[in-house]
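Overview (structure and organization)
So the chains spell out like this:
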Amino acid sequence: MAQRIQFKQVDVFSTTPFSGNPLAVILDGSALSDAQMQAIARWTNLSETTFVLPPQHPDADYRVRIFTVEGELPFAGHPTLGTAHALLEAGHQSKTPGRMVQECGVGLVNIRVSADGELAFAAPEATLKAWAHPGAAAALNSEAFDMQQTMTIVDMGIRWLLVPMASAQAVLDICPDVPRLAQLLQDAEVTGVMPFGPTSDDDVQYEVRGLLVEQGALTEDPITGSANACLARYLAAQGQSHDYLARQGTAIQRNGRVSVQFRNDGIWIGGKTLTVIDGTLAV
């Protein structure tokens, strides 16, 4: 007889269903093997699937393993918020009211639970390396770069190449040359490229995109928590530590919003979350 495990599919960085970044959450993965976890992640065919496990660190509320269709990640942003949302909705009680501590591949990640239900994670520490590539313009089919800033590789367990663009429209106008983009990713040894540019919108300060190449095809991530955390670290390193709101997913008809707050206890990457599927998975 098949085992039934509680399962949720959560929309992350979204205030309305089907406009954010979906995440599959298996609320108890303790009876699953690595091979089963990978098979389930391939089957859901989402950018990430998470598996909740008992914590190993005494300060953690829970442990999570994060799988893509191709392998395991040490950390990712929207899976962090989506998993916390699923656990809270299922009645999980954290050790400290208003806070959750997630254990994952990069260690402990703090999550803040606001009174209005919005979740935010503390951006992990990162290393930054300015990086230039003569093929960047050809890879992105654009030369509308912000020449006052530098392309930078930011590594926080997952690596992103940040590309400053002159404007939000310049970000949206990017139409990558996939083979050249794949070469750019390989040369930089990064997961993806995140072009970003300032908007003229009073409510949203940055337009961002998350561009990847998977199995030879262009993939655009709807809303990317880790890349936005990398951007926040990049801006902080430049002395820009004012709160802001980023928009992502516009080019693929999503409507993601990522809030970034700079506080004494860290840089907080937040957004709304909601459940769109709630049931069980037969294993």
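As shown above, the structure is provided for reference.
Okay, so let's go over this structure. Only a predicted model underlies this, so the values are computations on that prediction, with no experimental measurement involved.

**Overview of the side chain of Glu-207**
Tracing the backbone through its elements, the reader meets Glu-207 in strand S13 (residues 206-208). Accessibility expressed as a relative area gives 1% for Glu-207, which makes it buried. Within polar-contact distance, the side chain of Glu-207 engages the side chain of Thr-250 at 2.7 Å. In this view, Glu-207 contacts Ala-168, Val-171, Leu-172, Pro-195, Phe-196, Gly-197, Thr-199, Arg-247 and Thr-250; residues no more than four positions away in its chain are not counted.

**Topic: the packing of aromatic side chains**
Per the counting criterion, the structure on display carries 6 aromatic pairs. A ring pair is formed by Phe-75 and Phe-121, whose centres lie 5.6 Å apart and whose planes are at 70 degrees; its orientation type is edge-to-face. One end of the pair, Phe-75, is in the loop between strand S5 (72-73) and helix H2 (77-89); the other, Phe-121, is in strand S8 (residues 119-122), and 46 residues separate them in sequence. A relative accessible area of 0% places Phe-121 in the buried class. Centroid distance Tyr-244 to Phe-262: 6.4 Å. Interplanar angle 45 degrees. Geometry classified as tilted. Here Phe-262 lies in strand S17 (residues 256-263) and Tyr-244 lies in strand S16 (residues 244-248), a separation of 18 residues in the sequence. Looking at Phe-262, the relative accessible area reads 14%, which means it is buried.

**Here we look at a nonpolar patch on the surface**
On the surface, Phe-18, Val-276 and Ile-277 cluster together to form a nonpolar patch covering roughly 300 Å² of accessible area. Relative to the assigned elements, Phe-18 resides in the loop between strand S1 (4-12) and strand S2 (21-26). You can call Phe-18 exposed: its relative accessible area is 68%.

**Some remarks on the pattern of salt bridges**
Proximity of charged atoms lets side chains of opposite charge pair with each other. Enumeration according to the criterion identifies 13 salt bridges in this entry. Ionic pairing is found between Arg-65 and Glu-72, a salt bridge with its closest N-O pair at 2.9 Å. Classification of Arg-65 as buried rests on a relative accessible area of 16%. What makes Glu-72 partly exposed here is its relative accessible area of 40%. The closest approach of N and O atoms between Asp-155 and Arg-159, which form a salt bridge, is 3.4 Å. Note on Asp-155: relative accessible area 23%, which makes it partly exposed. Assessed through its relative accessible area of 24%, Arg-159 is described here as partly exposed.

**What to know about the environment of Ala-60**
In this fold, Ala-60 is placed in the loop between strand S3 (49-53) and strand S4 (62-67). Ala-60 sits 76 residues away from Ala-136 along the chain, and the two C-alpha atoms are 41 Å apart. Contact partners of Ala-60, with chain neighbours within four places excluded, come to Pro-55, Lys-95, Val-101, Glu-103 and Leu-108.

What counts, and at which threshold
- The residue count restarts for each chain, going from 1 along the sequence in the order it is written.
- Since the coordinates come from a predicted model, pLDDT governs what is reported: local features require at least 70, and pairs of side-chain atoms require 80 or more to be given and counted, while whole-chain, interface and lining totals use all residues.
- Side-chain calculation: all heavy atoms of the structure are included, whereas hydrogens and water are not.
- By definition, any uninterrupted DSSP run of H or I lasting at least four residues is a helix, any uninterrupted run of E lasting at least two residues is a strand, and each is numbered from the N terminus.
- The rule is simple: take the accessible area with a 1.4 Å probe, protein chains only, and divide by the maximum for that residue type; under 20% is buried, over 50% is exposed, in between is partly exposed.
- Whenever two N or O atoms come within 3.5 Å, that pair is a polar contact, provided that in protein one can donate a hydrogen and the other can accept it, and provided that, for residues adjacent in sequence, both atoms are side-chain atoms.
- In this description, contact between two residues means that some pair of their heavy atoms is separated by no more than 4.5 Å.
- Centres within 6.5 Å make a pair out of two Phe, Tyr or Trp rings, where for Trp the six-membered ring is used; the pair is then stacked when the planes are under 30 degrees apart, edge-to-face when over 60, and tilted otherwise.
- Only residues whose relative accessible area exceeds 30% and that take part in no salt bridge are eligible for patches, with like-charged residues grouped when within 9 Å of each other and nonpolar side chains (Val, Leu, Ile, Met, Phe, Trp, Tyr) grouped when within 5 Å.
- All accessibility values rest on the Shrake-Rupley procedure with a 1.4 Å probe; residue burial counts only the protein chains present in the view.
- Every case where a carboxyl oxygen of Asp or Glu lies within 4 Å of a side-chain nitrogen of Lys or Arg is listed as a salt bridge.

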